[in-house]
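Each chain, written out:
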Amino acid sequence: MSLYGNFSDDELSELVIQGDRKAYTEIYDRYKGVLHLHAYKKLGDFEAAKDVVQELFVVFWEKKANIHVATNLSGYLYTTLRNRIFNIIAHKEVESKYLNSIADFFKKGTSITDHLLREKELRTIIENEIENLPPKMREVFKLSRKENLSHKEISEILNISEATVKNHIKAALKTLKVKLGLSVFLVFLFCYWS
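Model, not experiment: these values are computed from the prediction.

Thresholds, definitions, all that
- Residues numbered from 1 in each chain as written.
- Predicted model: local features only at pLDDT ≥ 70, side-chain atom pairs only at ≥ 80, totals over all residues.
- Heavy atoms only, no water.
- Core = buried A, V, L, I, M, F, W, Y, C linked by side-chain atoms within 4.5 Å.
- Buried < 20%, exposed > 50% of the residue type's maximum accessible area, 1.4 Å probe, protein only.
- Helix = DSSP H or I, 4+ residues; strand = E, 2+ residues; numbered from the N terminus.
- Contact = heavy atoms within 4.5 Å.
- Phe/Tyr/Trp six-rings, centres within 6.5 Å; stacked < 30°, edge-to-face > 60°.
- Lys NZ or Arg CZ within 6 Å of the ring centre and 35° of its normal.
- 1 Å grid on protein atoms, 1.4 Å probe; cavity = no way out; pocket = protein on both sides within 12 Å on 5 of 7 lines; lining within 4 Å.
- Points joined across faces, edges and corners; volume = space filled by probe spheres on them.
- Nonpolar A, V, L, I, M, F, W, Y, C, P; charged D, E, K, R; others polar.

**So, the nonpolar core**
Line of reasoning, step 1. Counting 24 residues, the largest nonpolar core has Ile27, Phe57, Leu77 and Leu81 as the members making the most contacts within it.
Line of reasoning, step 2. Residue contributions to this core peak at 8 residues, all from helix α3 (residues 46-62).
Line of reasoning, step 3. Apart from residues lying up to four places away in sequence, Phe57 is in contact with Tyr24, Ile27, Tyr28, Tyr31, Lys32, Leu35 and Leu77.

In structure tokens form, the structure reads like this:
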């Protein structure tokens, strides 16, 4: 057991705010299992639960300076996880409505207005998730997908390596796939960004 295993949640939180990676690792090790189990019970999907917990801890580290845990780290982590799960469930509901409306459209020929409204909702969800990407990843992703720039062009514009550009795009696609769900992600790939 490491020295950090003896620290309280409050002490670990303070160390994380100061940038202590070992304290962060201790918090991760202390809570990942119970958070994953909680997420799995709510989502019913092992991989989605694993991804949402992983994402929670990535954001916890990235935004450590702006996070105010107060005196209850476990409460903060559970609340943050619950909110992320609610977002996933809400996206699944919109995805389900959208897919059902497409099926209805082909079966019965539903009104174009309803279809356009659902398409607009879907576009809004996709745009919001893109805007929630970390700043540099979002910038690289938009240059790649919206401006259709090559990895080389992006690396020259942003003064970063082509490998870094590739890694940002790969990470953005993985994040969006998790956030949007597979069906919406495929619609996103083929309809909006092709």
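Having seen it, we continue.
**Some details on the packing of aromatic side chains**
Line of reasoning, step 1. Summed over the entire model, instances satisfying the criterion amount to 7 aromatic pairs.
Line of reasoning, step 2. Aromatic rings pair up to connect Tyr24, Tyr28, Phe57, Phe60, Trp61 and Tyr76 into one cluster.
Line of reasoning, step 3. In this arrangement the basic side chain of Lys64 is found over the ring face of Trp61, its NZ or CZ atom lying 4.0 Å from the centre.

**Some remarks on the side chain of His168**
Line of reasoning, step 1. Within the element layout of this structure, His168 appears in helix α8 (residues 162-180).
Line of reasoning, step 2. What His168 contacts, discounting residues up to four positions off in sequence, is Lys136, Met137, Val140 and Ile160.

**Let's talk about empty space enclosed by the protein**
Line of reasoning, step 1. Taken as a whole, this structure holds 1 cavity of 30 Å³ or more when the rule is applied.
Line of reasoning, step 2. In this structure, the largest cavity occupies an estimated 70 Å³ of space.
Line of reasoning, step 3. As for the largest cavity, its lining consists of Val52, Glu55, Arg84, Asn87, Ile88, His91, Glu129, Val178 and Lys179.
Line of reasoning, step 4. Residues of the lining of the largest cavity, tallied by class, amount to 3 nonpolar, 2 polar and 4 charged.

**Side note on the layout of surface pockets**
Line of reasoning, step 1. Estimated volume of the largest pocket: approximately 630 Å³.
Line of reasoning, step 2. Of all the elements in the fold, those that place two or more residues in the lining of the largest pocket are α3, α4 (73-108), α6 (135-145) and α8.
Line of reasoning, step 3. The biggest single contributor to the lining of the largest pocket is α3, with 6 residues.
Line of reasoning, step 4. Looking at side-chain class alone, the lining of the largest pocket contains 8 nonpolar, 5 polar and 8 charged residues.

**Focus: unusual backbone geometry**
Line of reasoning, step 1. The phi dihedral of Asn148 is positive, around 55°, even though this residue is not glycine.
Line of reasoning, step 2. Turning to its location among the elements, Asn148 is positioned in the loop between α6 and α7 (151-158).
Line of reasoning, step 3. Despite not being glycine, Asn159 has its phi angle at roughly 60°, a positive value.
Line of reasoning, step 4. Looking at where Asn159 falls in the secondary structure, it is placed in the loop between α7 and α8.
Line of reasoning, step 5. Using a relative accessible area of 71% as the deciding quantity, one classes Asn159 as exposed.

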